[in-house]
Amino acid sequence: MILIQAPFLNLQAILDGLMIGAIFALVAYGMALAWGVMNIINIAQGEFVILGGYITFMVYKLGFSPFFGAPLSFAFLFILGFLLYKLIVHRVVDRDMFISILATFGISIMIRQIMNLIFGSQVETALTGLGTIFLFDHNITIALVKFSSFVIAVAGALGVIYFMKTSKLGRAIRATAQNPRAARILGVDTEKVYAYTYAINAAICGLAGSLVVMTYTIHPYMGLPYTVRSFMIVIVAGLGNIPGVLASGLGLGALEELSAYAFGTEYRIGLVFLFLVIILVYRSKKLAKRREYLK
Amino acid sequence: MKKIIVTFISALALLFSYSTLSFAKVVGDKIILGAAVSLTGKYAGSGKHTQKGYDLGVKIVNDNGGVKVGGKTYKLEVQYYDDESDGAKAAALAQRLIEQDGIDYLLGPYGSGITVAMAPVSEKFGVPMVEANGAARSLFTKGYKYLFAVLNSADQYLNSAVDLMAAKKKNATVAMAFEQDAFSLDVKLGVEERIKAHGMKVVIDDALPKELNDMTATLQKVKALKPDLLIVSGHDKGAMTGIKQITDLKVDVPMVAMTHCDSAAINKNLGGGGDYTLCAAQWHKSLSYKDEFFGSASDYAKTFESVYSYDPPYQAAESSAALLVYKAAFERANSFDKDKVRDALAQTDMMTFYGPIKFSETGQNLAKPMVLFQVINGENKVVAPEKWAEAKLIYPTPKWADR
Amino acid sequence: MISDKKELIGFLILLFFGIFAPIIAPSYRVQFSELWIFMVFASTWNVQGGKMGYNTFGNIIFFGLGMYVCASTQIAFAFNLSDWTAAGGYKTFVHSIPDYFISLPIGLLFAGIVSTAVALVLGSFMLILRGHYFAIGTLGLGIAAGEFATTVDIWGGGMGMTVPVWPKIDGQDLELFFGVGMDFFFYLTFILFLFTFFTLKWLYSTRFGLILTAIRDNEDKAEAMGIPTMRYKVTGWLFSAFFMGLAGGLFGNINGYIEPTEVAFNGATFGVYMVLMTILGGKGTLWGPIIGAILFQLFKEFFWTYFLGWQLVALGFLIVIIVVFFPEGIMGWLRERRPEWFGEIIDKKARLAQVKININD
């Protein structure tokens, strides 16, 4: 097997996996926020990512470096998330979570086709002009654009975490996540908190999207993998476990890359899902012994 | 009680209101062709090229005397539906076009997977379909009588690339990455046969996952194993991702061959990363074919660009050619009866800007060769077959360090 | 439930279409067949989603599995399956008439049995999960199923496979007394729907139905009362799987072509449609899914014809409207307006009095 013949490939796979995983982790973090605070599973997550990618792509088309697009994507998606909350999401926040799944599903297919109409249906990418670095005597290759996405993703995540810990809004969000009623009683405007949380989630996705268009390619119908993976990461890590979410994101990336080498690329997504199912069932079984279940 | 009756009647009314808007095959002086193309979904990019090709074909035929049947002149028109890049939907739409809209002549959809889904339907109803974008070999092995394809089948796409490699180096090693869909798998079949025939060795055989756009694992393996030829076939996404990641990782391979390079526009969008790649093409504007409607191949490209503001990929060209085939067939049959039209189509033997078109027993166009072009300095130049070549193949591809 | 007279009328309307549609609207046969299948989708999803409170995105697995099993059985009955699917179908095989009509019911039977067996296996561990974890777990299984199907070469892998064609005599379609292939399958799908409808109707009226709703309302209490909930959950899934398997087998034959991720295991469309239809009509009731399926199919056809290019935006918008304003579906909305139809007797005075108390709270 190639992993044994060329041992450096193991390290290469892990590095590649971490770099791709950082983007997943970022999106997962946003998903965990929306889910933990508002009990909303945002099916439109992937579409936010792709939209963020298109905003950066537009910046790139105008002649600027796509890196300038990153803060723009962040800001644009923040505003869009806020608007979507005010228009649609706030009506489903207090209801059964399943209702919010369907509502965000409806939003996702609308955004998909609107993007197709506005931006066209070609596959697009943005070039950064960054090069490549070689390590260990040319045995390890690192594309600089991937590395910088990794750095930006990590910085973005840390930035949001810092914001959560220190700012007034951040504390209000965390309080609402722990106990909405108590927060309300203590004077926190939960509606505002929810709106900002959803907006921050969208903004995070926008940032991730700008990294995606630089590192890979985008297309109006390519959002679903991001949605699905961010679900999975949040579930595997457990809600509320932010460091866990980030670690799982990175771990998932590495796992995917390694299994692509070991088992062949066609089984990639199927194996990942199977892995998810196994973890879920295993955890439930453990809890079932104590007559409890996964909440 | 009353409410139920009212609802029932309004439901019936709604249901039957659809049927009043049905189209027939010939309305007034218009011959209506039906088509389901991918206007949304993963094939939307190429689906749009297809639709534009059809529209340009219709326009040129109508502007140049239309179609003469039974002494009268008719104009062509196309009724479109969006199959959303979904085979099941396309099959349902074919049914709808035939049964509800009363259409008797179909134009093909984009993509092998979708054509394979629609073909059984048109065959079942005995409705001729001239398709321009479905290259899967399996379309021609089922004894379909009503299917006619103007393009070459998928298994011929990259054979000349393999042949070129064999001519340059004995016992070369090959790395392949194919998406798991009908078209790409057919290209693979053709390529594998050639590889075996030349005694070459396959060192990497990877599947490109349909949804994610990352080929890093495959390319890292390529770096480790250093094959002589790399083949990638994964529609536009595959071509674009492939070139981008080859550039990012500075992968050195003496020869790289792909499909869908021009619909992904790798010569322009990837900052020179696409240079030296060999690309399979059904047609190229530098070829010296010509006809009386579009002129030469380069005239077609100019016309297309003036209407749509971009260089036509071959998907658009072959779609336009389909309309020329229909016009000739209608006039040859001198009738609107679908079986007579079908028989007339079977007798097609014409030269177009797209190339010669002559259908075999199974509906395949065996008269036209596939071409291979190489991206040289951001321009697509035909390098094979030798007869049509406008530039010489650059081999081996210069290493990244030297570029 | 609606009082019996109204139910009878609704049923007669369906029966009318079920028998006469191919005659009055022959060009819509396939749409109608699809409609009956959608009704089966929604009704079976309702067993888990509506009655039991377990939102599943995995029922599509049984649909796709049934499709492949039925087609494989039909083919394997007369020919070698791997020859049929090999290398993109090189040879043309045609079933003889007796072969076709014998292999079809066998194929359907196998489709139902295999799907049920798989449900038994999957259910034994998936149904340990609750709530959203169950939903996401089944979603994962559905996607994995599609992906794995692309690697099964005997089923044609990523290229998919064609199904046996309706037999021809002298090049013309075989005509039975009611028509040709499309009519035949129309009636078959209608019969499947009737079968599903009556089975579920009976099921809901038994203790089994009550236990399902008990599980929905409070699973822990039901367990505490001594009900072996796992057994009932799995059995419920077996019922759904069986009918979905049959539906899949029929749909494969109607469509003519099976592709793993887009026809058989298409979670992103069919998988979600079944949920939407049930919610639109009103989950938890017998007629809700049926009304939902009809309305959904009407909307879908309407959007696809008149809103070409925007149809998904319209559909997304519709979904948002349903979910925000009609979460209980049409049936729920009707229930609000006309509780008498559902057998609830409301004392208007008492109700008003209650409202007044709540305002002063």
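## What to know about the overall build of chain C
Next up, step 1: Assigned secondary structure in chain C consists of 16 helices and four strands.
Next up, step 2: The buried share of chain C, reckoned over its 361 residues, is 52%.
Next up, step 3: Partitioning the intrachain contacts of chain C with sequence separation of at least 6 by distance along the chain shows that 78% fall at a separation of at least 24.

## A look at the overall build of chain B
Next up, step 1: Within chain B, the regular secondary structure consists of twelve helices and 18 strands.
Next up, step 2: At 22 Å, chain B has a C-alpha radius of gyration in line with the 22 Å of a compact globule built from 403 residues.
Next up, step 3: Along the first, second and third principal axes, the C-alpha set of chain B runs to 75 × 60 × 40 Å.
Next up, step 4: Among the 403 residues that make up chain B, the fraction classed as buried is 61%.
Next up, step 5: In chain B, once contacts between residues fewer than 6 apart in sequence are set aside, the share between residues at least 24 apart is 68%.

## Notes on the nonpolar core
Next up, step 1: Membership of the largest hydrophobic core comes to 349 residues, with the highest contact counts inside it found for A25, L26 and A208 of chain A, V325 of chain B together with F41 and A247 of chain C.
Next up, step 2: For this core, the element with the highest residue contribution is helix α2 (residues 8-38) of chain A, accounting for 19 residues.
Next up, step 3: In contact with A208 of chain A, not counting residues within four places along its chain, are I23, L26, V27, V49, G52 and A153 of chain A.
Next up, step 4: If you look at the next biggest cluster of nonpolar residues, it comprises five residues, including L9, A260 and Y261 of chain A together with A217 of chain B.

## Looking at the environment of F82 of chain A
All names here are of chain A.
Next up, step 1: Relative to the assigned elements, F82 resides in helix α4 (residues 69-87).
Next up, step 2: In this structure, the C-alpha to C-alpha distance between F82 and A203, residues 121 residues apart in sequence, is 9.6 Å.
Next up, step 3: Dropping the residues within four chain positions of it, F82 is found in contact with A195 and A199.

## Some words on the interface of chain C and chain B
Next up, step 1: Listed by partner, the interface residues are 28 residues for chain C and 33 residues for chain B.
Next up, step 2: Elements with a contribution of two residues or more to the side of chain C that touches chain B: α1 (4-24), α11 (260-264) and α13 (288-306) of chain C.
Next up, step 3: When its residues are assigned to classes, the side of chain C that touches chain B shows twelve nonpolar, twelve polar and four charged.

## Examining the interface of chain C and chain A
Next up, step 1: Taken together, the contact between chain C and chain A spans 32 residues of the former and 37 residues of the latter.
Next up, step 2: If you list the elements that add at least two residues to the side of chain C that touches chain A, you get α6 (131-149), α12 (267-281) and α14 (311-325) of chain C.
Next up, step 3: A total of ten residues in the side of chain C that touches chain A trace back to one element, the largest contributor, which is α6 of chain C.
Next up, step 4: Each residue belonging to the side of chain C that touches chain A can be placed in one class, and the counts come to 23 nonpolar, seven polar and two charged.

## Details of the packing of α2 of chain A against helix α11 (residues 242-263) of chain A
All names here are of chain A.
Next up, step 1: Here α2 crosses α11 at 140°, and the two axes come no closer than 6 Å. Regarding the angle of α2 to α11, the classification is oblique. Considering how the two elements wind past one another, α2 and α11 form a crossing that is right-handed.
Next up, step 2: Taken together, the residues of the contact of α2 with α11 sort by class into 20 nonpolar, five polar and three charged.

## Focus: the domain arrangement of chain B
Residues and elements named next belong to chain B.
Next up, step 1: Domain assignment breaks chain B into domain 1 (22-152 + 287-358) and domain 2 (156-281 + 371-402).
Next up, step 2: Placing the centre of domain 1 and that of domain 2 at their C-alpha centroids yields a distance of 30 Å.
Next up, step 3: If you look at the interface, domain 1 gives 15 residues, while domain 2 gives 13 residues.
Next up, step 4: Among the secondary structure elements, those contributing two or more residues to the side of domain 1 that touches domain 2 are α2 (44-63), α4 (112-125) and α11 (314-333).
Next up, step 5: Taken together, the residues of the side of domain 1 that touches domain 2 sort by class into six nonpolar, eight polar and one charged.

## Observations regarding the sheet that holds strand β9 (residues 201-208) of chain B
All names here are of chain B.
Next up, step 1: Strand order in the open sheet formed by seven strands is β9-β8-β10-β11-β12-β17-β18, with mixed pairing between adjacent strands. Only two strands of the sheet have a single neighbouring strand rather than two, namely β9 and β18 (379-384). Each neighbouring strand pair of the sheet contributes to a mean axis angle of 25°, computed without reference to strand direction.
Next up, step 2: Sheet topology note: the strand β8 (residues 173-179)/β9 ladder contains seven bridges and is parallel. Paired with V174 across the strands is V202, a residue of β9.
Next up, step 3: Taken strand by strand, helix α6 (residues 182-198) contacts β8, β9 and β10 (229-233), and its axis lies near 165° from that of β8.
Next up, step 4: Strand contacts of helix α8 (residues 235-249): β8, β9, β10 and β11 (255-258), with the helix running at about 140° to β10, the strand carrying the most contacts.

Calculation criteria
Residues numbered from 1 in each chain as written. Chains lettered and ligands numbered in written order. Predicted model: local features only at pLDDT ≥ 70, side-chain atom pairs only at ≥ 80, totals over all residues. Helix = DSSP H or I, 4+ residues; strand = E, 2+ residues; numbered from the N terminus. Buried ≥ 20, exposed ≤ 12 C-beta atoms within 10 Å, placed from the backbone. Contact = placed C-beta atoms within 7 Å. Rg over C-alpha atoms; globule rule 2.2 N^0.38 Å. Core = buried A, V, L, I, M, F, W, Y, C linked by C-beta atoms within 7 Å. Nonpolar A, V, L, I, M, F, W, Y, C, P; charged D, E, K, R; others polar. Axes fitted to C-alpha atoms, helices over the stretch in contact; angles between N-to-C directions. Parallel < 35°, antiparallel > 145°, perpendicular 65-115°, else oblique. Left-handed = near helix turned anticlockwise from the far one by under 90°. Domains from an automatic or database assignment. Pairing = 2+ DSSP bridges.

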